[in-house]
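Next come the chains, spelled out residue by residue.
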Amino acid sequence: MTTTNTTQTTHFDVLIIGAGISGIGAAYHLKTRRPGTSFAVLEGRDSIGGTWSLFQYPGIRSDSDMPTFGFGFKPWTHPKAIADGHIILDYLQQTVTENGLAEHIRFGYRVVAAAFSSSQQRWTVTTQRSGTGETAEFTARFLFLGTGYYDYEAGFTPEFTGIDDFAGEVIHPQHWPEDLDYTGKRVIVIGSGATAVTLIPSMADKADHITMLQRSPSYVFSTPAVDAIANTLNRVLGHERAYRIVRRKNVLLTRGIYKACQRAPKLMRRLLIANVRRQLPKHFDVDTHFTPRYNPWEQRLCMVPNGDLFKTISAGQASVVTDRIARFTKTGILLESNQELAADIIVTATGLNMSPFGKVRFSVDGRQVNLPDTTVFKAMMLSGVPNLVFATGYTNIAWTLKVDLVCEHFCRLLDYMDSRGHDTVEPVLDDPHMERVPLMDLSSGYVQRGISQFPRAGTSGPWTVEMAYEKDVERLREGPVEDKALTFTPAEPAQLAS
């Protein structure tokens, strides 16, 4: 390693960007499947966990069942199937500790740029140290991006008229104050998505009253917090054998619900709304407050464990208002219907900002990579960009199922290249007439606002992105590494000699 006052340069076979669930998964797979591969995980923050250490709002929890959201290589043993954020973070820390991954993680290195040189057959990654702004450079043969797809710096808050007039506190869940005391306070939560339906039952016991203010409803689906079948199998079969069965059961169930929503949206709409109606008082206006305008799975379903949201509403601790905001006032929010909601605290659970690949600036041989001009290959690589792999999970089933498949295929790709003396691989899109489509097809506001910044998907062959786990198993786990769209380059003689 060479050191100057401002720059440190270290070389690895693979640099993993991000120490969240995707980066930890990649580190595990590299260490266990390719023990001779040198790698480091660069994390801009000072802790592992990504989402699960960043978000601190009350009740933060998984919105997928944990036997499928957990890693395929580490059984989920906690009795809760829908787990609180701190339990998930403990699980990730155990994964790091048990597999000796901590020595590979370098905290406080925020990656700002990555430049690939074809002549050197390597990436040069530029980072900034948190706190000091000092520059540090790393080089690597391959990059693995485990950066997720949203902006860690700021969540999305619309421009509300009069927001500065409000005398109380306005808080976005992504920046929850550690010392916030909402005991006995009147709280308004703006939003109808996963964060809002999590916050409301979690805050209701302490707050004087909490109101979910939504412009339009979302589908809310009640699911057991504890999987009795999984817990029984764990006791009878042991965690290792039970885990395989439970994961398969949960994948089939989740995929079955999704496919039913695609094939019979009117029927599933009726069933989902009927499920809500059964859990609320007879007089409750379900048609107004829990009947969305869109079909199921055009946006993610919001899961509530044991129907906790509905129980909170039924107990009178929370209410739902469906209306548009005219303006904030000194004491609350004035609605377009002229109703005014009083509040001491307003929580803007209004969504995320999407950001591709941690805002890293990529270049290849001095040419900047414009991500929307690229097309994804096997949903894990980019056309025209050599030696780069990324992990972006599913939108309709547990994120980590996709991460595991991508990591497995990445290790197979490295094995294939090493066995044939290849040093670089680049997906090449040679069909200029193939239609290209957005990477995600959800109608959710956060997707519609940000998806244009991302690479695009194709509509045929290895260029498609289908959000279908069973098809990715066939493509990534069971399918061949070689593909006519991949161009491999042998190692330079100088590198072979070294």
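None of the values given here were measured: they were computed from a predicted structure.

Glancing now at the overall build of the protein. Scanning the protein from terminus to terminus reveals 14 helices and 26 strands. In terms of overall size, the protein behaves like a compact globule, its C-alpha atoms giving a radius of gyration of 24 Å where 498 residues would be expected to give roughly 23 Å. Reported as C-alpha extents along the three principal axes, the dimensions of the protein are approximately 80 × 55 × 50 Å. A total of 498 residues make up the protein; the buried ones form 54% of that total. Of the contacts made within the protein by residues no fewer than 6 positions apart, 71% connect residues no fewer than 24 positions apart. Accessible area of the protein: about 21900 Å², with a carbon and sulfur share of 49%. For the protein, the distance from the average position of its 51 positive side-chain charges to the average position of its 52 negative side-chain charges is 6 Å.

We now examine helix 5 (residues 194-203). Counting buried positions over the 10 residues of helix 5 gives 7, a clear majority of the element. Every buried residue of helix 5 is listed here: Ala196, Val197, Thr198, Leu199, Ile200, Pro201 and Met203.

Residues Phe144, Phe290 and Phe362 are the most contacted members of the largest nonpolar core, which totals 142 residues. With 12 residues, the next largest nonpolar core counts Leu213, Phe328, Ile333 and Leu341 among its residues.

Before going further, it helps to spend a moment on the pattern of salt bridges. It is possible for side chains of opposite charge to pair when their charged atoms get near one another. Counting across every chain of the model gives 20 salt bridges. The residue Asp84 makes a salt bridge to Lys80 at a minimum N-O spacing of 3.1 Å. Classification of Asp84 by relative accessible area gives partly exposed; the value is 22%. By relative accessible area, Lys80 is classed as partly exposed at 29%. The partner of Glu408 in a salt bridge is Arg477, and the shortest N-O contact between them spans 2.9 Å. Linking Glu408 in helix 11 (residues 399-420) with Arg477 in helix 13 (residues 469-477), this pair joins segments that are 69 residues apart in sequence.

The next point concerns the sheet that holds strand 8 (residues 169-171). Strands in a sheet are paired, the pairing made by backbone hydrogen bonds, and the direction either parallel or antiparallel. The sheet built from 5 strands is open, its strands ordered 8-17-9-10-13 with parallel pairing. Edge strands, defined here as strands with exactly one partner in the open sheet, are strand 8 and strand 13 (318-322). Ignoring strand direction, the axes of neighbouring strands in this sheet form an average angle of 20°. Strand direction decides the pairing type here: strand 9 (residues 186-190) and strand 10 (residues 209-214), joined by 5 bridges, are parallel. Looking at the pairing, Ile190 lines up with Leu213 of strand 10. Sheet strands in contact with helix 5 are strand 9, strand 10, strand 13 and strand 17 (345-348), and its direction is about 170° off that of strand 10.

The rules behind each value
- Residues numbered from 1 in each chain as written.
- Predicted model: local features only at pLDDT ≥ 70, side-chain atom pairs only at ≥ 80, totals over all residues.
- Heavy atoms only, no water.
- Helix = DSSP H or I, 4+ residues; strand = E, 2+ residues; numbered from the N terminus.
- Rg over C-alpha atoms; globule rule 2.2 N^0.38 Å.
- Buried < 20%, exposed > 50% of the residue type's maximum accessible area, 1.4 Å probe, protein only.
- Contact = heavy atoms within 4.5 Å.
- Areas by Shrake-Rupley, 256 points an atom, 1.4 Å probe, with all protein chains shown as cover.
- Lys, Arg positive; Asp, Glu negative; His and termini not counted.
- Charge placed at Lys NZ, Arg CZ, Asp CG, Glu CD.
- Core = buried A, V, L, I, M, F, W, Y, C linked by side-chain atoms within 4.5 Å.
- Salt bridge = Lys/Arg side-chain N within 4 Å of Asp/Glu carboxyl O.
- Pairing = 2+ DSSP bridges.
- Axes fitted to C-alpha atoms, helices over the stretch in contact; angles between N-to-C directions.

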